[in-house]
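Residues per chain, in single letters:
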Amino acid sequence: MNLYEWSSGYNGKTILRSQRDEERFEWDMDSSDTDVMHASGTFFIPVNEAWMHLSTLVNVFKKAGLPYEVGIDDEYGELAYSTKL
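All of the points below concern the structure found in this document. (Residues numbered from 1 in each chain as written. Predicted model: local features only at pLDDT ≥ 70, side-chain atom pairs only at ≥ 80, totals over all residues. Heavy atoms only, no water.)

Now for the overall build of the protein chain. What the protein chain contains, in helices and strands, is one helix and six strands. When the helices and strands of the protein chain are read in sequence order from the N terminus, they spell out β-β-β-β-α-β-β. Computed over C-alpha atoms, the radius of gyration of the protein chain comes to 13 Å, within 12% of the 12 Å expected from 2.2 N^0.38 for 85 residues, which places it in the range of a compact globule. Along the first, second and third principal axes, the C-alpha set of the protein chain runs to 35 × 30 × 20 Å. For the protein chain, with 85 residues in total, the buried portion stands at 25%. Across the protein chain, every contact between residues at least 6 apart in sequence was considered, and the portion connecting residues at least 24 apart equals 18%. Within the protein chain, the 15 negative side-chain charges are centred at a point lying 9 Å from the centre of the 7 positive side-chain charges. (Helix = DSSP H or I, 4+ residues; strand = E, 2+ residues; numbered from the N terminus. Rg over C-alpha atoms; globule rule 2.2 N^0.38 Å. Buried < 20%, exposed > 50% of the residue type's maximum accessible area, 1.4 Å probe, protein only. Contact = heavy atoms within 4.5 Å. Lys, Arg positive; Asp, Glu negative; His and termini not counted. Charge placed at Lys NZ, Arg CZ, Asp CG, Glu CD.)

Take a look at the structure:
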């Protein structure tokens with residue numbers, strides 16, 4: 001996933017933005033007024049391949065010692081994969 005850190009003009013929190021890769025995925029992350037950050041998006045690749053990409057992000061959260069909850073639905077809207085710390 002081609003993400004980069006960006007400082008929000010809203011409250012200065014760091015969020016992840018995507019380099020436009022509209023062939024593979026769309027990514028949206030908002031700065032939050034709480035400690036919980038939320039991101040959502042759509043992958044245009046098979047769900048198992050998308051989960052491999054999200055797993056790299058999970059590894060970053062693990063190494064940084066950040067709590068997380070990551071999940072992905074399949075094309076039918078059913079939870080396909082999830083993990084949390």
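Now that the structure has been shown, the text picks up again.
A separate point is helix H1 (residues 47–64). Compared with an ideal rise of 1.5 Å per residue, which puts 18 residues at 26 Å, H1 spans 26 Å between its outermost C-alpha atoms and is within 8% of the ideal. Taken as a whole, H1 has its buried residues at Ala50, Trp51, His53, Leu54, Leu57, Val58 and Phe61. Buried residues of H1, viewed axially, fall in a sector of 160°; they line one side. Away from its buried face, by an angle of more than 90 degrees, H1 presents the exposed residues Met52, Val60 and Lys63. In this structure, the buried side of H1 is in contact with strand S1 (3–7), strand S2 (14–18), strand S3 (25–30), strand S4 (38–43), strand S5 (69–73) and strand S6 (79–84). Looking one or two places after H1, you find Gly65, whose phi comes out positive at around 70°. (Expected span 1.5 Å × (residues − 1). Arc of directions from axis to C-beta.)

Structurally, His53 can be placed in helix H1. When sequence neighbours within four positions are dropped, the list of residues in contact with His53 reads Met1, Arg24, Phe43 and Ile45.

This part is about the nonpolar core. Note on soluble globular proteins: their nonpolar side chains tend to be buried together. The biggest cluster of nonpolar side chains holds 15 residues, and the ones touching the most others in it are Trp27, Leu54 and Val70. Those elements that place two or more of their residues in this core are S2, S3, H1 and S5. For this core, the leading source of residues is H1, giving six residues. Once you skip the residues sitting within four places of it in the chain, Trp27 turns out to touch Met1, Leu3, Leu16, Arg17, Ser18, Ala39, Ser40, Gly41, Leu54 and Leu57. (Core = buried A, V, L, I, M, F, W, Y, C linked by side-chain atoms within 4.5 Å.)

Remember that side chains alternate between the two faces of the sheet whenever the strand is regular. Residue alternation in S5 divides its side chains into a buried set, Val70 and Ile72, and an unburied set, Glu69, Gly71 and Asp73. Relative to S6, S5 runs antiparallel, the two sharing five bridges. Note on S6: the bridge partner recorded for Val70 is Thr83. Counted between consecutive antiparallel strands, the loop separating S5 from S6 contains five residues, among which Gly77 sits at a positive phi close to 85°. (Pairing = 2+ DSSP bridges.)

Keep in mind these numbers describe shape, not what the thing actually does.
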